[in-house]
Amino acid sequence: MKDIIVSDITYTVKGKTILSNVSLSVDTQDSFALLGENGSGKSTLIDIILNDIKPDKGHVRFFENTKSNFDKIGVLYDHSPLFPMLKVEESIRYFTSIYGLKYQDIEKQYFELFEIQKIQKTLTRELSQGEKKRVGILLSIIHNPDLLVLDEPFANLDPTITGRIWNTLKNKNRTIFFTTHDWKKAEKQATKIGFIYGGKIIHQPKSPKQILETLPALKKITISNTDDFAKNLTNWQYYIYDESIHIFFDEKSDLLKTINTLTSNFSIQEVDLKDAYLFHVHNMTT
């Protein structure tokens, strides 16, 4: 079963195309990470999925139903819309009353996990960004939803509690659709990855392992970018980013011999998801 179906979404603002014919689906119990650089359209797509803005074309369905029902969905925005003049415990009590829950049950189940005890008497406006994020995540799962839609859930979180919070989000086999700038965490946590660039999905969503297997090699050589270097790399696949050339390296090839004739200043590294993204963007734009 598919818990989210995004079909042919196009969205423009003042003649500028923000999203162009975006389609993807999130299967039940998937942890689907949408990855892309700033301005690629991730947060706009989240807003459209959550019906906060209307697309020019296309539609979104949840649980394969034609009519959206948000009762089974938990949401975390990048900037959580919390009540600034309420104390943390007051905000939580407000949401427990909406969902017909007992505050004491939520306190017992989640407060220690999310380290709420020491901030429960604090006004929301006085919280740090990481503390606001913890409260926002707690409120997103307070009603035990089947599906979570999370925009940047790892941002500003203390790394020491990220793992246990993620395990709680995944509890009860929830489906999770999330965006993140933390490519390493996405590679570890996601069961499926989608790439977005310039408002377009640029690669068929796959597992992290499958995406890495689409690359020419599982290692790369990185050197500084100069015109002379690029002219000597016609026999190898590479991409250029941040004033460096990243060349995919198969140890059986004679690439090292060529590199050594050009420079002694290079590094050899394992490739990761960001290499896959930048390589596909490079092929798309050159």
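That block above? That's the structure.
Here we summarise the structure given alongside this text. (Residues numbered from 1 in each chain as written. Predicted model: local features only at pLDDT ≥ 70, side-chain atom pairs only at ≥ 80, totals over all residues. Heavy atoms only, no water.)

### Thoughts on the packing of aromatic side chains
Going through the model one piece at a time under the given rule, you end up with 14 aromatic pairs. Ring plane angle 40° and centroid distance 5.5 Å describe the contact between phenylalanine 32 and phenylalanine 177, whose orientation is recorded as tilted. Placement of the pair is phenylalanine 32 in strand 3 (residues 31-35) and phenylalanine 177 in strand 7 (residues 175-179), with a sequence separation of 145 residues. Both residues of the pair, phenylalanine 32 and phenylalanine 177, belong to the buried class. Taken together, the ring pairs in this structure connect Phe83, Tyr94 and Phe95 into an aromatic cluster. The lysine or arginine in question, arginine 93, covers the ring of tyrosine 103, its NZ or CZ lying 3.7 Å from the ring centre. (Phe/Tyr/Trp six-rings, centres within 6.5 Å; stacked < 30°, edge-to-face > 60°. Helix = DSSP H or I, 4+ residues; strand = E, 2+ residues; numbered from the N terminus. Buried < 20%, exposed > 50% of the residue type's maximum accessible area, 1.4 Å probe, protein only. Lys NZ or Arg CZ within 6 Å of the ring centre and 35° of its normal.)

### Structural notes on helix 2 (residues 88-98)
Those residues of helix 2 that fall on the buried side of the exposure criterion are Val88, Glu89, Ser91, Ile92 and Thr96. One face of helix 2 carries all of its buried residues, which in axial projection span an arc of 160°. Of the residues one or two after helix 2, glycine 100 is the one with positive phi, at around 70°. (Arc of directions from axis to C-beta.)

### Brief notes about the side chain of histidine 143
Inspection of the secondary structure assignment puts histidine 143 in the loop between helix 4 (129-141) and strand 6 (147-151). A distance of 3.0 Å separates the side chain of histidine 143 from the backbone oxygen of isoleucine 73, its partner in a polar contact. Discounting residues that sit within four places of it in the chain, histidine 143 has contacts with Asp71, Ile73, Gly74, Tyr99 and Leu101. (Polar contact = N/O pair within 3.5 Å; in protein donor to acceptor, adjacent residues only side chain to side chain. Contact = heavy atoms within 4.5 Å.)

### Notes on the sheet that holds strand 4 (residues 57-62)
The three strands lie next to each other as 2-1-4, forming an open sheet whose pairing is antiparallel. Lying at the two open borders of the sheet, with one neighbouring strand each, are strand 2 (16-27) and strand 4. Averaged over all adjacent pairs, the angle separating strand axes in this sheet is 15°, with direction ignored. Where strand 1 (residues 2-13) lies against strand 2, eight bridges are found, and the strand directions are antiparallel. (Pairing = 2+ DSSP bridges. Axes fitted to C-alpha atoms, helices over the stretch in contact; angles between N-to-C directions.)

### A short note on the environment of tryptophan 183
Along the chain, tryptophan 183 falls in helix 6 (residues 183-189). The spatial distance from the C-alpha of tryptophan 183 to the C-alpha of aspartate 272 is 8.4 Å, given a sequence separation of 89 residues. Not counting residues within four places of it along the chain, the set of residues in contact with tryptophan 183 comprises Leu35, Gly36, Phe195, Leu273, Lys274 and Tyr277.

### Considering the pattern of salt bridges
Where charged atoms of side chains with opposite charge meet at close range, the side chains can pair. If you walk through the whole model with that rule in mind, you get twelve salt bridges. Two residues, lysine 209 and glutamate 213, come together in a salt bridge whose shortest N-O distance is 2.6 Å. With lysine 209 and glutamate 213 both in helix 7 (residues 208-213) and four residues apart, this pair spans about one turn of that helix. A salt bridge links lysine 219 to glutamate 251; the nearest nitrogen and oxygen atoms lie 2.6 Å apart. A residue pair is termed long-range when its members are at least 10 positions apart, and lysine 219 in strand 10 (residues 219-224) and glutamate 251 in the loop between strand 12 (244-248) and helix 9 (255-262) qualify at 32 residues. When its relative accessible area of 55% is taken as the criterion, glutamate 251 is described as exposed. A cluster of three or more residues bridged by salt bridges with shared partners is formed by Lys2, Asp27, Asp30 and Lys192. (Salt bridge = Lys/Arg side-chain N within 4 Å of Asp/Glu carboxyl O.)

### Concerning the pairing of strand 1
From the end of strand 1 to the start of strand 2, which pair antiparallel, there are two residues, and lysine 14 there has a positive phi angle of about 50°. Of the strand pairs in this sheet, strand 1 and strand 4 are connected by five bridges, and their pairing is antiparallel. Opposite serine 7, over in strand 4, you have histidine 59 as the bridge partner.

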